[in-house]
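Residues per chain are reported as follows:
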Amino acid sequence: MAITITMGIQKGGCGKSTTTGILAHLLNNDGYRVLAIDMDSQGNLTELLSGESSNEFIGKSVLEAMQQNNVKEFLYSVNENLDLLPANNFLATFARWIYTGKTYTGDMIPFSGSPTLILDNLLEQVREDYDFILIDTPPSLSEQTTNSLCASESVVVMYECSNWCYSAVPNFMDSVESAKEFGIRGTEVIGILRTMNDVRRSDAKAFNEIIAEDFPELVFQTVITRKAPVGRLSLYGFKENKELNKALELYIHFYKELIERVKNR
Ligand SMILES: Nc1ncnc2c1ncn2[C@@H]1O[C@H](COP(=O)(O)OP(=O)(O)OP(=O)(O)O)[C@@H](O)[C@H]1O
Ligand SMILES: [Mg+2]
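Attention in this report is confined to the structure presented alongside it. Within each chain, residues carry numbers counting from 1 in the order of the written sequence. For this description, chains carry letters from A and ligands carry numbers from 1, given in the order in which they are written. With the structure being a predicted model, the display of local features is reserved for residues of pLDDT at least 70 and the display and counting of side-chain atom pairs for 80 or more, all residues being used for whole-chain, interface and lining totals. As a convention, hydrogens and water are excluded, and side-chain values are obtained from all of the structure's heavy atoms.

### Examining the pattern of salt bridges
Within this document, salt bridges are pairs made up of a side-chain nitrogen of Lys or Arg and a carboxyl oxygen of Asp or Glu, the two lying within 4 Å of each other. What the rule picks out here adds up to 17 salt bridges. Salt-bridge contacts for Arg 265 lead to Glu 188; the nearest nitrogen and oxygen are separated by 3.6 Å. In this pair, Arg 265 is assigned in the segment after α11 (244-264) and Glu 188 in strand β7 (residues 188-197), connecting sequence segments 77 residues apart. Owing to a relative accessible area of 47%, Arg 265 belongs among the partly exposed residues under this scheme. Only protein chains enter the accessibility calculation, which uses a 1.4 Å probe. A residue is then buried if its area is under 20% of the maximum for its type, exposed if over 50%, and partly exposed in between. Taking the relative accessible area as the measure of exposure, Glu 188 reaches 34% and is therefore partly exposed. A salt bridge links Glu 257 to Arg 261; the nearest nitrogen and oxygen atoms lie 4.0 Å apart. Residue Glu 257 and its partner Arg 261 are located together in helix α11, separated by four residues, close to a single helical turn. On the accessibility criterion, Glu 257 (18% relative accessible area) is buried. In DSSP terms, a helix is any run of H or I states spanning at least four residues, a strand is any run of E spanning at least two, and both are numbered starting from the N terminus.

### Quick notes on helix α7 (residues 163-182)
Given the number of residues in a helix, its expected span is that number minus one, multiplied by 1.5 Å. Between the first and last C-alpha of α7 there are 30 Å, a value that for 20 residues agrees with the 28 Å anticipated at 1.5 Å per step. In the structure, α7 departs most strongly from a straight axis at Val 169, where the bend amounts to approximately 30° and where the proline Pro 170 lies between one and four residues downstream. Among all positions of α7, only Cys 165, Ala 168, Val 169, Phe 172, Met 173, Ser 175, Val 176 and Ala 179 are buried. At every residue, the bend is computed as the angle between two fitted axes, covering the seven residues ending there and the seven beginning there respectively.

### Some remarks on the side chain of Thr 93
Among the secondary structure elements, Thr 93 is positioned in the loop between β4 (82-85) and α4 (94-100). Once you skip the residues sitting within four places of it in the chain, Thr 93 turns out to touch Leu 63 and Tyr 104. Here, two residues are considered to be in contact whenever any of their heavy atoms come within 4.5 Å of each other.

### Some words on the site of ligand 1
One heavy atom suffices: a residue is near a molecule or strand as soon as one of its heavy atoms comes within 4 Å of it. Around ligand 1, 18 residues are found, and the nearest of them are Cys 14, Lys 16, Ser 17, Thr 18 and Lys 227. Two N or O atoms count as a polar contact when they lie within 3.5 Å, although within protein this holds only if one can serve as hydrogen donor and the other as acceptor, and sequence-adjacent residues are included solely when both atoms are side-chain atoms. For ligand 1, an oxygen atom lies 2.8 Å from a polar atom in the backbone of Ser 17. In this structure, Thr 18 approaches ligand 1 through a side-chain N or O atom, which is 2.5 Å from an oxygen atom. Computed on the free molecule, ligand 1 has an accessible area of 630 Å², of which 80% lies beneath the protein chains in the complex. Only α1 (16-29), β8 (219-225) and α9 (228-231) provide two or more residues apiece to the shell around ligand 1. Of the residues forming the shell around ligand 1, the biggest block, three residues, is contributed by α1. Taken together, the residues that form the shell around ligand 1 break down as five nonpolar, eight polar and five charged. In this description, accessible areas are obtained by the Shrake-Rupley approach with a 1.4 Å probe, and a residue is regarded as covered only by the protein chains that are shown. Just so you know the grouping, Ala, Val, Leu, Ile, Met, Phe, Trp, Tyr, Cys and Pro go in nonpolar, Asp, Glu, Lys and Arg go in charged, and all remaining residues, Gly too, go in polar.

### Considering the packing of α1 against α11
Axis separation between α1 and α11 bottoms out at 10 Å; the angle between their running directions is 80°. With respect to each other, α1 and α11 are oriented roughly perpendicular. Taken together, the residues of α11 that come into contact with α1 (itself represented by Thr 18, Thr 19, Ile 22, Leu 23, His 25, Leu 26 and Leu 27) are Leu 244, Leu 248, Tyr 251, Ile 252, Phe 254, Tyr 255, Leu 258 and Ile 259. Each residue belonging to the contact of α1 with α11 can be placed in one class, and the counts come to twelve nonpolar, three polar and no charged. The angle between two axes is taken between their N-to-C directions and runs from 0 to 180 degrees, where each axis is a line fitted to C-alpha atoms and a helix contributes only its stretch in contact. For classification purposes, angles smaller than 35 degrees are called roughly parallel, those larger than 145 roughly antiparallel, those between 65 and 115 roughly perpendicular, and all remaining angles oblique.

### Overview of unusual backbone geometry
In this structure, Asn 69 takes a positive phi of about 50° despite not being glycine. With respect to the element layout, Asn 69 can be found in the loop between α3 (62-68) and β3 (76-79). Positive phi, close to 50°, is recorded for Glu 240, a residue that is not glycine. By the element assignment, Glu 240 lies in the loop between α10 (233-236) and α11.

### Concerning the pairing of β4
Here β4 shows a buried face lined by Leu 82 and Leu 84 and a second buried face lined by Asp 83 and Leu 85. DSSP-based pairing: two strands are paired if at least 2 bridges between them are found. Where strand β2 (residues 34-38) meets β4, four bridges bridge the pair, whose relative direction is parallel. Along β4, the bridge assignment pairs Leu 35 with Asp 83. One ladder, built from three bridges, connects β3 with β4; its direction is antiparallel. Bridge pairing in β4 places Ser 77 opposite Asp 83. The hairpin formed by β3 and β4 contains two residues between the paired strands, and Asn 81 there has a positive phi angle of roughly 70°.

Fair warning: the whole summary comes from geometry, so function is off the table for now.
Take a look at the structure:
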């Protein structure tokens, strides 16, 4: 039975997609069966893992999987034991479809049920097929985010060491709490990952420390710093990338901490 983990925070550019992609890669390398789900219409995780434009997946994405209540039809195989449910721009029409039944093609697929449990119900079809399901979310509190949280046992709060991210954390914690009450997965924060830390900036150092004071039990000890090889993953991906080891250096420590927490959960 898969363990489902969402990477989230309703603030842009905090390393959610990068972290989801790296985690999928590391778990897959360790022989785990992984499903990565892109719930962001930007399609960044899709492009990172597939190496293709997200537009290649129009009509073949997580949106259609949810509308047709059929996962297997829409799985994209990245490699053995790593599948992707891709996303593209049209995922932005998800909420309109839920509340009107109208799809972006103009077809009517009436939806009745709980608007926030669509993904959770869909994943019932494949939970036995994977060890881990990882979900990347958009930088806002949307139907994509609430569905992701309700479909997950665990949530990694992505924390970029800055003021606006610091102010986003309490609201996001509230969203996780609501998902726990509303959903059936017992959704809980498994940890706060400090990312994009600019070691040259004193304000980043301060926000790095303040979150650890606020949530001493939740922060991961590993802090991901800003490093060009991590940023360039979006360019080179995971195959034939000469600087991959440099990109993964810090993430390997985070990965070990996460696995330890998952085992003890
Ligand atoms: N540790 C890092 N060092 C340098 N660049 C990074 C690092 N992590 C991510 N990046 C780069 O920073 C940008 C934002 O990262 P990413 O897209 O993963 O964040 P996100 O939270 O998914 O953003 P969004 O909220 O838009 O979905 C990207 O260009 C990415 O390549
Ligand atoms: Mg993203």
